[in-house]
Amino acid sequence: MSTVTHPSEGSTRTDRRTPPGGRTARPGAGRNLGGRVFAGFSHLFLVVWAVMVIYPLLWVVMSAFKSDSEVIREPLSLIPDRLHWDNFSRAWGAGHLGAFFLNTVLVLAGSVFLTMLLGSMAAYVLARYEFRGNRLIYYMFLSGLTLPIYLAAVPLFKGVYNMGIVLPLLGPNRHFMLILVYVAWSLSFTIFFMHSFFQTLPDSIAEAALVDGASHTRLFFSVMLPMARPGLISIGIFNVLGQWNQWYLPTLLMQSVAGEPKNQVIAQGLIELSVNQGYRSDWSGLFAGVTMAMLPVLIVYIVFQRQVQSGLTAGVSK
Amino acid sequence: MRHGVARFVTGFLALPVALYLFYVVWPFAQAAGYSLTDWGGYSDRQEFVGLDNYVRLLSDELIRKAFWHNVFFLVTVPLFTIALALFLAFLLNVGGREDRAGVRGVFGSGLYKVIFFFPQVLSLVVVAVMWQQIYRSDSQGLINGVLMKIGLVDPDNPIAFTADPEPFLGVPAVLWWLLLIAVWSGAGFYMVLFSAAMQSIPRDIYEAALLDGAGPFHTFFRITLPLLRDTVSVAWVYLGFIALDMYALVFVMTPSQGGPNHASEIFASVLNFTAFQKGQFGYACAMGVALAIFTILLAALQLRITRRERIEF
């Protein structure tokens, strides 16, 4: 608002604000006080919720540094008597968390890359090229968004199992198989999201590139894909988090046949750890395991929080 | 040229479509087929029984129970999450309001947004295992421990949390405790979402309301909320899907995955139990198809109800 209108506005406003040095007896004072009380209340409530979010996390991290007897003796304290790093090495080694991590990273590297590549290729073609069956394929991909995964569980397991007899690489308990399954199950949302993104890209640039002699493939990789970068980042974050969090598919498909060691991923391993730990009562080891599964993601999030927040919310509100 | 385009389109679609057909579409189609048989899942024997499985579904006591539990989550998860998220977003954006400068966010709102978002980036399994520890029914559990210290909970009679089948407001207590986790982990994300939507509302609208003497609550209910309609309805649809997929929590947190005594059974857990423990695969597939139909109908219904005219600004 400009300063010119200020004087006239001043008259309408005097009853609502306390001028500098004003008395509390003025009619506006109650309102101002109300505003302050409201602000105080807001802060209080926000702080309470923040504590409710942080406190459990902090409690888990701190318990991971306690010795087992201390976990039992002083379960609630946030300060361990000293830092028991051995919990971490125990969870990493004896709890096999190191191996789970490696499996998860291997699978994730392949699956996120392939999801992005294949997803944007399909979305691009479906969004920008007219051909027979275009709608049909698009809706086929879209329908995957609503179907419950549990329904497909046993046929999927059977399919993977039978495939493994012919091609061991694509059988159960194989990284490459899990990568392909993750990709297939992530395509629906990736295509849904990137489809709208490619549709908004201007035609003129595509035409210019084609006139200049670029092939369709080249047009996609050197022009369209770079232009869709914001969308790719959003959907990339979405897929990294989503696939890192997967537990049902690996639980179903990463089962070892004939006694070979299981190639578990972190989420799956953590569930087993929590079940076993109940018998062994190695609580500090469990806390260390949860901490190790939690901290990398949290740190990455804190560093890239702006991108993560805008990326994920864009994924929902699109 | 046309030939080149066709080859290009085929080349780009071949692999994604093939993967999707093999790993997603084909299992679903098979499941639908199996739902018409009495297949046990592992034997070779399977006989076509027509719609028998579906008829059985209608009179299955356990399924009826699970269905109502699903409905419970379907209503409460979006309701509580959205209400809390809206409230937090409101405090965050309007809470620091001062009469002179118009509408103001609270001090430190950026930090709050970062913190509230934490649960969203944690995997559901991490959240579940963590809450398992928080909910422990002895003095080692975070909640029980704290409450025992203050003297609010009798050490000999701790809160049982997810092992408590006693009904509360007509719903087994275990479901309420699971609901709390869902709301805890979802509220921050939707707060950020609503907050972004609130910030895109032009400030002059607020300033005008302020000049007309509207207080923060009036402003919220008369201006902010109506303008957030679209975002809220999208959130509702998404939370609906999350509510149908509470299986991870049930799986990790409840005794015998759906217990105690089937008190926390939901569609997905009954489906898994029927298929993998009872070995009635054909019947389990019929449940899956029913759930799929239910989900699709629900999505259509939600979109229909929440679709209104857009307000452009």
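Scoring rules and cut-offs
Residues numbered from 1 in each chain as written. Chains lettered and ligands numbered in written order. Predicted model: local features only at pLDDT ≥ 70, side-chain atom pairs only at ≥ 80, totals over all residues. Heavy atoms only, no water. Helix = DSSP H or I, 4+ residues; strand = E, 2+ residues; numbered from the N terminus. Rg over C-alpha atoms; globule rule 2.2 N^0.38 Å. Buried < 20%, exposed > 50% of the residue type's maximum accessible area, 1.4 Å probe, protein only. Areas by Shrake-Rupley, 256 points an atom, 1.4 Å probe, with all protein chains shown as cover. Lys, Arg positive; Asp, Glu negative; His and termini not counted. Charge placed at Lys NZ, Arg CZ, Asp CG, Glu CD. UniProt positions renumbered as here; feature names shortened; annotations may be inferred. Phe/Tyr/Trp six-rings, centres within 6.5 Å; stacked < 30°, edge-to-face > 60°. Lys NZ or Arg CZ within 6 Å of the ring centre and 35° of its normal. Axes fitted to C-alpha atoms, helices over the stretch in contact; angles between N-to-C directions. Parallel < 35°, antiparallel > 145°, perpendicular 65-115°, else oblique. Left-handed = near helix turned anticlockwise from the far one by under 90°. Contact = heavy atoms within 4.5 Å. Nonpolar A, V, L, I, M, F, W, Y, C, P; charged D, E, K, R; others polar. pLDDT = per-residue confidence, 0-100. Salt bridge = Lys/Arg side-chain N within 4 Å of Asp/Glu carboxyl O.

## Describing the overall build of chain B
Counting secondary structure elements, chain B contains 14 helices and two strands. Expected size for 313 residues packed as a compact globule is a radius of gyration near 20 Å; at 24 Å, chain B overshoots this value by more than 25%. Dimensions of chain B along its principal axes, counting C-alpha atoms only, are 80 × 80 × 30 Å. Evaluated residue by residue, chain B yields a buried proportion of 56% over its 313 residues. Total accessible area on chain B stands at roughly 14200 Å², and carbon and sulfur atoms take up 63% of it. Looking at chain B, you have 20 positive and 21 negative side-chain charges, and the mean spots of the two groups are 9 Å apart.

## Points about the UniProt feature "transmembrane region" (unreviewed entry) in chain B
All names here are of chain B. UniProt feature "transmembrane region" (unreviewed entry): in the numbering of this structure it lies at residues 67-91, 111-131, 174-193, 232-253 and 281-301. Counted over residues 67-91, helix gives 100% and strand 0%. Its end C-alpha atoms are 36 Å apart. Along residues 232-253 the backbone is 91% helical and 0% strand, and the end-to-end C-alpha distance reaches 30 Å.

## Notes on the packing of aromatic side chains
In the structure shown here, the tally under the stated rule is 53 aromatic pairs over all chains. With a centroid separation of 4.8 Å and 45° between ring planes, the pair formed by Tyr124(A) and Phe220(A) is classed as tilted. Here Phe220(A) lies in helix H10 (residues 216-227) and Tyr124(A) lies in helix H5 (residues 97-128), a separation of 96 residues in the sequence. A single burial state applies to Tyr124(A) and to Phe220(A), both of which are buried. Three or more aromatic residues joined by ring pairs form one cluster here, namely Tyr124(A), Tyr129(A), Phe198(A), Phe220(A), Phe221(A), Phe8(B) and Phe12(B). Just above the ring of Tyr283(B) sits the side chain of Arg56(B); from NZ or CZ to the centre is 3.7 Å.

## Remarks on the packing of helix H6 (residues 124-134) of chain B against helix H8 (residues 173-199) of chain B
Residues and elements named next belong to chain B. The contact between H6 and H8 brings their axes to 11 Å, and the two run at 130°. Taken as axis vectors, H6 and H8 run oblique relative to one another. Here the hand of the crossing between H6 and H8 comes out right-handed. Across from Val127, Met130 and Trp131 in H6, the residues of H8 making contact are Leu180, Ile181 and Trp184. Along the lines of polarity and charge, the residues of the contact of H6 with H8 split into six nonpolar, no polar and no charged.

## Quick notes on the confidence of the model for chain B
Note that predicted coordinates carrying low pLDDT should not be read in detail. Here chain B shows a mean pLDDT of 83. Residues at 70 or above account for 93%. Here the predicted complex scores 0.83 on pTM and 0.82 on ipTM.

## Some remarks on the pattern of salt bridges
As a working rule, side chains carrying opposite charge can pair if their charged atoms are close by. Residues and elements named next belong to chain A. Considering all chains together, one arrives at two salt bridges over all chains under this definition. Ionic pairing is found between Asp86 and Arg90, a salt bridge with its closest N-O pair at 3.6 Å. Here Asp86 and its partner Arg90 are both found in helix H4 (residues 86-93), four residues apart, which amounts to about one turn of the helix. The shortest N-O distance in the salt bridge between Asp203 and Arg128 comes to 2.7 Å. With Asp203 in helix H9 (residues 203-211) and Arg128 in helix H5, this residue pair connects regions lying 75 residues apart in the sequence.

## Notes on the interface of chain B and chain A
In this complex, chain B contributes 98 residues to the contact, which on the side of chain A involves 96 residues. Partitioned by chemical class, the residues of the side of chain B that touches chain A number 73 nonpolar, 18 polar and seven charged.

## A look at the environment of Tyr283(B)
All names here are of chain B. By secondary structure assignment, the location of Tyr283 is in helix H14 (residues 281-306). On a C-alpha basis, the gap between Tyr283 and Leu57 in space is 8.1 Å, while along the polypeptide they are 226 residues apart. The contacts of Tyr283, once residues within four sequence positions are left out, are Asn53, Arg56, Leu57, Asp60, Ile63 and Thr274.

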